[in-house]
Amino acid sequence: MKVYLNGKLVEAKKAAVSVFDHGLLYGDGVFEGIRCYNRLIFRLKEHIDRLFNSADAIKLEMPMSKTELIEAIVWTLKANRLNDAYIRLVVTRGIGDLGLDPRKCKSPTVFIITDKIALYPGEFYREGLEIVTAETRRNLPQALNPKIKSLNYLNNILAKIEAIKYGVEEAIMLTYNDYVAECTGDNIFIVNGGELMTPPVDVGALEGITRDAVISLANKIGIPFREKMLRMEDLYEAGEVFLTGTAAEIIPVTKINKRRISGGRPGEVALKLMREFKKLTKVDGVRY
Ligand code: PMP
């Protein structure tokens, strides 16, 4: 397996970054997780745009153009002969000294790992996922905006540790004032009275590429949609709850904090969107 590292393809075992890299020392960097379906890199332009927005938000000057990054991704996929893959694109502040000062980091580190995808087991899609609410609150947008897909994922990891403690895969993260923000690595939607709803990203959530894809699919097939501030009660009372993310795609939720949701079965709207999403992964992206 070859990894792209600062302009070169290197053997995975030899792909190493410095202990002085501020990505490692401080989580100072940004990243993307991207899927490739049968040589179609799903919504790649949107991922690259989000990466640039994240970099902009942390004042990290990108060392490569968008086109160069796309070329580097395709180069890595081809070198590894991958048709279906999970792509991890990372840009760190680069090597500096032990202080925080980003000006000491002269050139950002860029690496691209392409690997086979690790999916949730199929039964979660057929039977639905059980999740819990984490005690850990989502970062305040005024402190570290969750819109920035930064290398600083401790907030999410603390909530993930709670999920693991309860023996489930995902946890809902609330805002400081008890609104639903998102899950540790997925956005969250509900369906009620035939209407599809998800929290606005300004509440403190990542603007998921899958979230956007689901919203455009809903518009296309005539499912009414709006962004809405949600509380836990809205989830308990919802006809359906599902999560979206690059790795998970669309995954129905049938139990939250031991309470049965949606009659304990994946809902019709989720199933319909899952079918539509599958079609989208065949056409919406950059082919190579
Ligand atoms: N929220 C968080 C915190 C995430 O890390 C992710 C990505 N794993 C998502 C939502 C879903 O975003 P996307 O659909 O772009 O993968």
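Now for a look at the structure at hand.

The rules we used
Residues numbered from 1 in each chain as written. Predicted model: local features only at pLDDT ≥ 70, side-chain atom pairs only at ≥ 80, totals over all residues. Heavy atoms only, no water. Phe/Tyr/Trp six-rings, centres within 6.5 Å; stacked < 30°, edge-to-face > 60°. Helix = DSSP H or I, 4+ residues; strand = E, 2+ residues; numbered from the N terminus. Buried < 20%, exposed > 50% of the residue type's maximum accessible area, 1.4 Å probe, protein only. Lys NZ or Arg CZ within 6 Å of the ring centre and 35° of its normal. Near = heavy atom within 4 Å. Polar contact = N/O pair within 3.5 Å; in protein donor to acceptor, adjacent residues only side chain to side chain. Areas by Shrake-Rupley, 256 points an atom, 1.4 Å probe, with all protein chains shown as cover. Nonpolar A, V, L, I, M, F, W, Y, C, P; charged D, E, K, R; others polar. Pairing = 2+ DSSP bridges. Axes fitted to C-alpha atoms, helices over the stretch in contact; angles between N-to-C directions. Contact = heavy atoms within 4.5 Å. Core = buried A, V, L, I, M, F, W, Y, C linked by side-chain atoms within 4.5 Å. Salt bridge = Lys/Arg side-chain N within 4 Å of Asp/Glu carboxyl O. Expected span 1.5 Å × (residues − 1).

## Focus: the packing of aromatic side chains
Applying the stated rule across the entire model yields six aromatic pairs. With a centroid separation of 5.3 Å and 70 degrees between ring planes, the pair formed by F42 and F277 is classed as edge-to-face. Of this pair, F42 sits in strand β4 (residues 40-42) while F277 is found in helix α8 (residues 268-280), placing the two residues 235 residues apart along the sequence. Neither residue differs from the other here; F42 and F277 are each classed as buried. A network of ring pairs unites the aromatic residues Y37, F42 and F277 as a single cluster. Sitting above the plane of the F52 ring, K66 keeps its charged end 5.1 Å from the centroid. Its end group placed over the ring of Y179, R231 keeps NZ or CZ at 4.1 Å from the ring centre.

## A few points about the site of the ligand
Lining the immediate environment of the ligand, one finds 18 residues, of which Y153, E182, I209, T210 and T246 sit closest. Contacts to the ligand include G185, whose backbone N or O atom sits 3.0 Å from a nitrogen atom. Within the complex, 92% of the 390 Å² of free accessible area of the ligand lies under protein. Taken together, the elements giving at least two residues each to the shell around the ligand come down to β9 (180-183), α6 (209-221) and β13 (240-245). For the shell around the ligand, the per-class residue count stands at four nonpolar, nine polar and five charged.

## A few points about the sheet that holds β4
Spatially, the seven strands line up as an open sheet ordered β2-β1-β6-β5-β3-β4-β16, and their pairing is antiparallel. Among the strands making up the open sheet, the edge pair consists of β2 (8-11) and β16 (285-287). Across the sheet, the mean angle from the axis of one strand to that of its neighbour is 25 degrees, orientation sign disregarded. In this sheet, β16 lies alongside β4 in antiparallel orientation, the contact comprising three bridges. Across the sheet, the residue bridging to L40 is R287, located in β16. The sheet contacts of helix α3 (residues 66-79) involve β1 (2-5), β2, β3 (29-37), β4, β5 (85-92) and β6 (109-115), and relative to β6 the element is tilted by about 40 degrees.

## Remarks on the nonpolar core
Ranked by internal contacts, the top residues of the largest apolar core, which has 42 residues, are I172, I188, L196, L235, F242, I256 and L273. Sort the elements by how many residues they give to this core and α8 lands first, with six residues. When residues no more than four places from it in sequence are discounted, the contact partners of L235 are I172, V180, I188, I190, L230, V241, I256 and I261. Listed in part, the 30 residues of the second largest apolar core include I73, V74, I87 and V286.

## Observations regarding the side chain of T133
With respect to the secondary-structure elements, T133 resides in strand β7 (residues 129-133). The residues contacting T133, other than those within four sequence positions of it, are I172, L174, M232, I256 and N257.

## Here we look at the pairing of strand β8 (residues 170-174)
Of all five residues in β8, five are buried; the element is thus mostly enclosed. Taking every second residue as pointing to the same face, both faces of β8 are buried, with E170, I172 and L174 on one and A171 and M173 on the other. Pairing geometry for β7 and β8, over three bridges, is parallel. Pairing of T133 across the sheet is with I172, part of β8.

## Re the pattern of salt bridges
Counted according to the given criterion, the structure contains 18 salt bridges. The partner of K147 in a salt bridge is D202, with the nearest N and O atoms 2.9 Å apart. On the criterion of sequence distance, the pair formed by K147 in the loop between β7 and α5 (154-165) and D202 in the loop between β11 (195-198) and α6 is long-range, its members being 55 residues apart. Classification of D202 as exposed rests on a relative accessible area of 57%. Between R211 and E227 there is a salt bridge whose closest N-O contact spans 2.8 Å. Of this pair, R211 sits in helix α6 while E227 sits in strand β12 (residues 225-227), and the two are 16 residues apart along the sequence.

## Looking at the environment of T133
A sequence separation of 41 residues divides T133 from L174, and the C-alpha atoms of the two residues are 7.8 Å apart. A polar side-chain atom of T133 sits 2.7 Å from a polar atom in the side chain of N257.

## Thoughts on α3
Look at α3: 20 Å from first C-alpha to last across 14 residues, which is about the 20 Å you get at 1.5 Å a residue. The positive-phi residue at the C-terminal boundary of α3 is R81, with phi of around 50 degrees.

## Quick word on unusual backbone geometry
One non-glycine residue, R43, adopts positive backbone phi at about 45 degrees. With respect to the helices and strands, R43 occurs in the loop between β4 and α2 (44-57). Within the chain, K59 stands out as a residue other than glycine whose phi angle is a positive 55 degrees. Here K59 is to be found in the loop between α2 and α3. Owing to a relative accessible area of 69%, K59 belongs among the exposed residues under this scheme.

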